[in-house]
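Residue-level structural notes
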Amino acid sequence: MRRRLMAAILRLPGGASEASEIVEALLVAAGARDTTAPGLAARWRQIADDIGDALDQLPVPKTTQEPT
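Values in this document were obtained by computation on a predicted structure and should not be read as measured data. (Residues numbered from 1 in each chain as written. Predicted model: local features only at pLDDT ≥ 70, side-chain atom pairs only at ≥ 80, totals over all residues. Heavy atoms only, no water.)

1. Describing helix H2 (residues 38–57)
In this model, H2 (20 residues) spans 29 Å end to end at C-alpha, consistent with the 28 Å of a helix rising 1.5 Å per residue. Those residues of H2 that sit buried are Ala41, Ala48, Ile51 and Gly52. The buried side chains of H2 occupy one side of the element, clustering within an arc of 100 degrees when seen end-on. Those residues of H2 that are exposed and angled more than 90 degrees off the buried face are Gly39 and Gln57. For H2, the secondary structure elements touched by its buried residues are helix H1 (16–32). (Helix = DSSP H or I, 4+ residues; strand = E, 2+ residues; numbered from the N terminus. Expected span 1.5 Å × (residues − 1). Buried < 20%, exposed > 50% of the residue type's maximum accessible area, 1.4 Å probe, protein only. Arc of directions from axis to C-beta. Contact = heavy atoms within 4.5 Å.)

2. Looking at H1
Residues lying three or four places apart along an α-helix face the same way, a consequence of the helix completing one turn every 3.6 residues. Look at H1: 25 Å from first C-alpha to last across 17 residues, which is about the 24 Å you get at 1.5 Å a residue. If you check which residues of H1 are buried, you get Ala19, Val23, Leu26 and Ala30. Relative to the axis of H1, the buried residues are bounded by an arc of 60 degrees and lie together on one face. Of the exposed residues in H1, the ones pointing more than 90 degrees away from its buried face are Glu21, Val28 and Ala32. Those residues of H1 that are buried are in contact with H2.

3. Focus: the pattern of salt bridges
The tally for this structure, following the rule as stated, stands at one salt bridge. Asp34 serves as the salt-bridge partner of Arg45, at 2.9 Å between the closest nitrogen and oxygen. In this pair, Arg45 sits in helix H2 while Asp34 sits in the loop between H1 and H2, placing the two residues eleven residues apart along the sequence. (Salt bridge = Lys/Arg side-chain N within 4 Å of Asp/Glu carboxyl O.)

See the structure below:
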């Protein structure tokens, strides 16, 4: 099977934390469809994995420390 590659840009006001919620939702939905629509469940898992991989590649945000 040949896999098509596609890119998307997600602009989320909550940043990476919202993207991780989307990943979690995709995985929960995939679990609910395992028996009734295994192909769709596999696709949702792949999308979740792809988003997770992209999140892993983001630079770690710099935090500033307040003077005490």
